[in-house]
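The residues making up each chain are set out below.
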Amino acid sequence: MTYTEEKLAALRTFYKDQLLGDTLPFWFPGAIDEEYGGYLLMKDHDGTLLDDDKAVWIQGRAAWLLATLYNTVEPRQEWLDGAKSGIDFLLNHCFDTDGRMFFHVTRDGKPIRKRRYFFSETFAVIALAAYAKASGSKEMADKARELFGKCIEYATIPGMLTPKFTDVRPAKGIGVPMIMINTAQQLRETIGDPRCDEWISKWIVEIERDFVKDDIRCVMEQVAPDGSIIDHFDGRTLNPGHAIEGAWFVLHEARYRNSDPKLMALGCRMLDYMWERGWDKEYGGILYFRDVDGKPVQEYWQDMKFWWPHNEVIIATLLAYIMTGDEKYATWHQQVHDYAYTHFHDKIHGEWFGYLHRDGRASVSIKGNMFKGPFHLPRQEWYCWRLLAQSTTKKTE
C-alpha cells in the first residue's frame, strides 16, 4: 500500500487530536501534585490514584513532555508551570549525596530505592534542557549540561556503576548507547552542547558494530564486551520493540544529517530485522521478548503486548516511510497503528491500557505505575504529528 497526501494529512490531524484532546487531558493538570510538587502518576483506567509513590525517571519524563509542548506547540503558561513543578521536585528531592539520582521516592520525596543504571539521570537531562529553553534559565541549562557530562562518565568508564560480581560473565546492553543517543539529540535540539555530535556518532558506531548482526538479521539486546553473542537465557533474549526504538533514533539522526544514506540504511535494517522477529503474525501486535535462536524465553510475559513498543514502532515505521518512500513501511505503519489504537486505547476514559495478553485482551486496567506514565504515548503522538506537519510543509514549499 501507499499513503496518499490525504491519508497523511488525516494521520497528522489524528495524532494532534489524540495528543491534545485524549492523552494529555488524562494526565494534566490533575496529576500535578499541588502539595509536594512533581506528579502523581500511578493511575487506574479512570484516573483513580492507586499509589502516591513517585518513579523518578517518570517525573523527569513528564517534566520533559510539558516543557517540550511549551517549546514546540504553544507557550501555554500551565505547561510551563507544570514543568517547573517537576523540575523543582527533581532538584529538591531526587539526588543522593553522591550526585546519583534515586529511582523510587515517596510522595514527599523520601528515598526508597536507587538502581545501578542511570536512566533517571538521562531523563533529568532532557527535562532540564527543555525547561531551560522554555524558561530561558541559564542555571537550568548549566545543570543539564553538567548532568549530561556525568552521564557520559557513567556510560563510558568501565565498572563505574556495575557490581563486581557481573565480571563472572561480563556483558553490555544496547540500552546505554540508545538512551545516550536520544539524550544527546534532545540536548542538542533544545539548548545545544558541543559534545553531542561526536558522542552520538560514537554510540551509533557501537550499536552497529556490536549489536546489529546482519548475518542473522537481528539486533541483540545484550552482548559480550567484544560484541559476541552470549549463549545463555539473558544473552539470547531479544526485545524487538526496544531495538526498533533504537532504529528510529538512528533514523532521526540520519534526518538531522541531511538524510545521511549510511545512517538511513542502518536504521532501516534495524527496523526490518526486528519487525520480522517481533510482529505477531497470528494475533497482530509486537511480541515483548523473543529468543535469537527460537528457543523458549525465560520471562513469563514474553508473549504479552506492552504499550510502549507499539509507540516506538509507530514512530519508526512512519519515519522510515517519510524518509524512504518505501511502501513496505506504510503497510507496516498502518498495521501497527490500527492494532494499537484498536486494542490499547481506552475510548471511554482516554489514554492507553499498558498491558495486553497475546490475543489482545487487557491484562490489567492500570494506566500508570513505576514504568508507565505520560511519556511513550504522548511522545509518539507529538513526534508523528510534527513529522507529518514538517513533511507536508516541505512538499508544498
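Note: the structure precedes this text.
Residues numbered from 1 in each chain as written. Predicted model: local features only at pLDDT ≥ 70, side-chain atom pairs only at ≥ 80, totals over all residues. Heavy atoms only, no water.

Undergrad: What exactly am I supposed to notice about the overall build of the protein here?
TA: Regarding its fold elements, the protein presents 13 helices and 13 strands. Against the globule reference of 21 Å for 397 residues, the protein gives a C-alpha radius of gyration of 20 Å, in line with a compact fold. Per-residue burial for the protein yields a buried fraction of 58% across its 397 residues. Here the analysis covers contacts within the protein between residues at least 6 apart in sequence; of these, 66% occur between residues at least 24 apart. Of the roughly 16,300 Å² that the protein leaves accessible, carbon and sulfur atoms contribute 52%. Here the protein contributes 49 positively and 58 negatively charged side chains, and the mean placements of these two sets differ by 2 Å. (Helix = DSSP H or I, 4+ residues; strand = E, 2+ residues; numbered from the N terminus. Rg over C-alpha atoms; globule rule 2.2 N^0.38 Å. Buried < 20%, exposed > 50% of the residue type's maximum accessible area, 1.4 Å probe, protein only. Contact = heavy atoms within 4.5 Å. Areas by Shrake-Rupley, 256 points an atom, 1.4 Å probe, with all protein chains shown as cover. Lys, Arg positive; Asp, Glu negative; His and termini not counted. Charge placed at Lys NZ, Arg CZ, Asp CG, Glu CD.)

Undergrad: I tried to follow the sheet that holds strand 5 (residues 111–113) on my own but got confused; where do I start?
TA: The strands making up a sheet associate through backbone hydrogen bonding, with each pair oriented either parallel or antiparallel. With respect to topology, 3 strands assemble into an open sheet ordered 3-4-5, the strand pairing being antiparallel. Sheet topology places strand 3 (54–55) and strand 5 at the edges, where each strand pairs with a single neighbour. Where strand 4 (residues 104–105) meets strand 5, 2 bridges bridge the pair, whose relative direction is antiparallel. Bridging from a neighbouring strand, V105 pairs with P111 of strand 5. (Pairing = 2+ DSSP bridges.)

Undergrad: So what exactly am I meant to see when it comes to unusual backbone geometry here?
TA: A negative phi holds for most residues other than glycine; trans holds for most peptide bonds. For the peptide bond that leads from F28 to P29, omega is 5 degrees, which places it in the cis range. Phi is positive for S259, close to 60 degrees, though the residue is something other than glycine. Turning to its location among the elements, S259 is positioned in the loop between helix 9 (240–256) and helix 10 (261–278). Although it is not a glycine, E351 adopts a positive phi angle of roughly 65 degrees. Looking at the secondary structure, you find E351 in the loop between helix 12 (327–343) and strand 13 (355–356).

Undergrad: What should I look at first to understand the packing of helix 1 (residues 5–27) against helix 12 in this one?
TA: Two packed helices can be described by the angle between their axes and the distance between those axes. Viewed as axis vectors pointing N to C, helix 1 and helix 12 meet at an angle of 30 degrees, and their least axial separation amounts to 14 Å. For the crossing formed where helix 1 meets helix 12, the hand is left-handed. Here helix 1 contributes K7, L11, F14, Y15 and Q18 to the contact with helix 12, which in turn contributes H333, Q334, H337 and Y341. Tallied by class, residues from the contact of helix 1 with helix 12 come to 4 nonpolar, 4 polar and 1 charged. (Axes fitted to C-alpha atoms, helices over the stretch in contact; angles between N-to-C directions. Left-handed = near helix turned anticlockwise from the far one by under 90°. Nonpolar A, V, L, I, M, F, W, Y, C, P; charged D, E, K, R; others polar.)

Undergrad: So what exactly am I meant to see when it comes to the side chain of Q185 here?
TA: The residue Q185 is located in helix 6 (residues 175–190) in this model. A distance of 3.1 Å separates a polar atom in the side chain of Q185 from the backbone oxygen of F249. Leave out the neighbours within four places in its chain, and Q185 touches I200, F249, H252 and E253. (Polar contact = N/O pair within 3.5 Å; in protein donor to acceptor, adjacent residues only side chain to side chain.)

Undergrad: How should I be thinking about the environment of Y283 in this particular structure?
TA: With respect to the helices, strands and loops of the structure, Y283 is situated in the loop between helix 10 and strand 11 (290–291). The class of Y283 is partly exposed, set by a relative accessible area of 40%. Among residues more than four places away in sequence, those in contact with Y283 are K305, Y339, R358 and D359.

Treat this as a map of the structure, not an account of what it does.
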